[in-house]
Amino acid sequence: MIKRLLPHPLFSLTLVVVWLMLVNKVTLGNVLLGSILGIIVPALTAPYWPGQPRVRSPLRVIEYMLVVLWDIVVANFHVAAIILFKRNKDIHSRWVTVPLDITSPEAITVLAGTITMTPGTVSSMLSADGRSILVHCLDCDDPNAVRDEIKNRYERRLEEIF
Amino acid sequence: MNLVIEILISLCLVTAGVFGLVGSYGLIKLKDTMQRLHAPTKATTVGVGGVLVASMLYFFLIKGSLSFHELMITLFLFLTAPVSAHFIAKTFIQAEVTEKDLPDPEHEFGWAVFDDAPSYPDEDDHEPKP
């Protein structure tokens, strides 16, 4: 019963909190409206999200967010420097294949998002079976180094989280 | 004290403006769609982020009220930017790139645009069927 009413309890909670932050004040009416959203939206989207993601260690999530946030700031300077100081013919763009060890759809989604937000890389496509990810590199001479960095820095951490 | 705070806020705004400018310049300068995709997905996150930090500092330190809207904007930005970038990249690949130009996926199935997903349901949840 509770499973049918709340297919994703954490998702429902997030929706309530996000709603309260959006209206920016906590009143009974807002909590009520938020709760209604928190029940209706997960129920409506449940068919598209059948699995139940497990987050094993919440502390690791915070560590991961800090690492990614730092990398995003670095990425900005990195890309800005490439745009400003490199001539177009010196920018070597290429595709890189990153084979995946993680299989949970949620983990792959987070990884793809992280790749796009961090230094010089955009995740462009998954393989049909979801076992590899295609990454476009703005300026790189060594595809293996890029692949190893993604695997060691992000995928290893995600493996511990999911 | 007020002066220090104002200088700090201005610094955030100026940094943000510079990064926004660089991101837009990147759109003009870089050669093809895939390269151009890098400029707005990154150089502008600090651009927008800087404005948001400045706004939070202003409301917290000068107006004395805590505002969560900036955190929400950051959250939505970080959720939507990679998704739309992925979307554009995939469309671009489908229209302009042939399978030969891409590296091998190193597994038995090809890239999603060119190959059908395996039919067992557990593995292709995250990848919409064509």
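From a predicted model like this one, the values you see are computed outputs, not experimental measurements. (Residues numbered from 1 in each chain as written. Chains lettered and ligands numbered in written order. Predicted model: local features only at pLDDT ≥ 70, side-chain atom pairs only at ≥ 80, totals over all residues.)

**Thoughts on the domain arrangement of chain A**
Taken domain by domain, chain A comprises domain 1 (2-48) and domain 2 (58-161). If you average the C-alpha positions of domain 1 of chain A and of domain 2 of chain A, the two centres end up 32 Å apart. (Domains from an automatic or database assignment.)

**Observations regarding the environment of Leu138 of chain A**
Tracing the chain through its elements places Leu138 of chain A in the loop between strand S3 (132-137) and helix H6 (143-161). Classification of Leu138 of chain A as buried rests on a count of 26 C-beta atoms within 10 Å. Linking Leu138 of chain A and Pro119 of chain A, residues 19 residues apart in sequence, is a C-alpha distance of 8.8 Å. Among residues more than four places away in sequence, those in contact with Leu138 of chain A are Val79, Ile82, Ile91, Ser93 and Gly120 of chain A together with Gln35 and His38 of chain B. (Helix = DSSP H or I, 4+ residues; strand = E, 2+ residues; numbered from the N terminus. Buried ≥ 20, exposed ≤ 12 C-beta atoms within 10 Å, placed from the backbone. Contact = placed C-beta atoms within 7 Å.)

**Here we look at the sheet that holds S3 of chain A**
All names here are of chain A. Read from one edge of the open sheet, 3 strands run S1-S3-S2, paired in antiparallel fashion. The sheet terminates laterally at strand S1 (94-99) and strand S2 (121-126), the two strands that pair on one side only. Shown here is a sheet whose adjacent strand axes are inclined to one another by a mean of 30 degrees, direction ignored. Where S1 lies against S3, 6 bridges are found, and the strand directions are antiparallel. Considered in S3, the bridge of Arg94 is made with Cys137. Contacts from H6 reach S1, S2 and S3 within the one sheet, and its direction differs from that of S1 by about 40 degrees. (Pairing = 2+ DSSP bridges. Axes fitted to C-alpha atoms, helices over the stretch in contact; angles between N-to-C directions.)

**Comments concerning the packing of helix H4 (residues 58-85) of chain A against helix H1 (residues 2-29) of chain B**
Their axes nearest at 10 Å, the elements H4 of chain A and H1 of chain B cross at an angle of 50 degrees. Relative to H1 of chain B, the element H4 of chain A lies oblique. Where H4 of chain A crosses over H1 of chain B, the two elements pack in a sense that is left-handed. Listed contacts from H1 of chain B to Asn76, Ala80, Ile83 and Leu84 of chain A of H4 of chain A are Phe19, Val22, Tyr25, Gly26 and Lys29 of chain B. Within the contact of H4 of chain A with H1 of chain B, the residues separate by chemical class into 6 nonpolar, 2 polar and 1 charged. (Parallel < 35°, antiparallel > 145°, perpendicular 65-115°, else oblique. Left-handed = near helix turned anticlockwise from the far one by under 90°. Nonpolar A, V, L, I, M, F, W, Y, C, P; charged D, E, K, R; others polar.)

**Focus: the environment of His8 of chain A**
All names here are of chain A. The residue His8 is located in the loop between helix H1 (2-5) and helix H2 (9-23) in this model. Along the sequence, His8 and Arg153 sit 145 residues apart, while their C-alpha atoms lie 29 Å from each other. If we ignore the near neighbours within four places in the chain, the residues touching His8 are Pro42 and Trp49.

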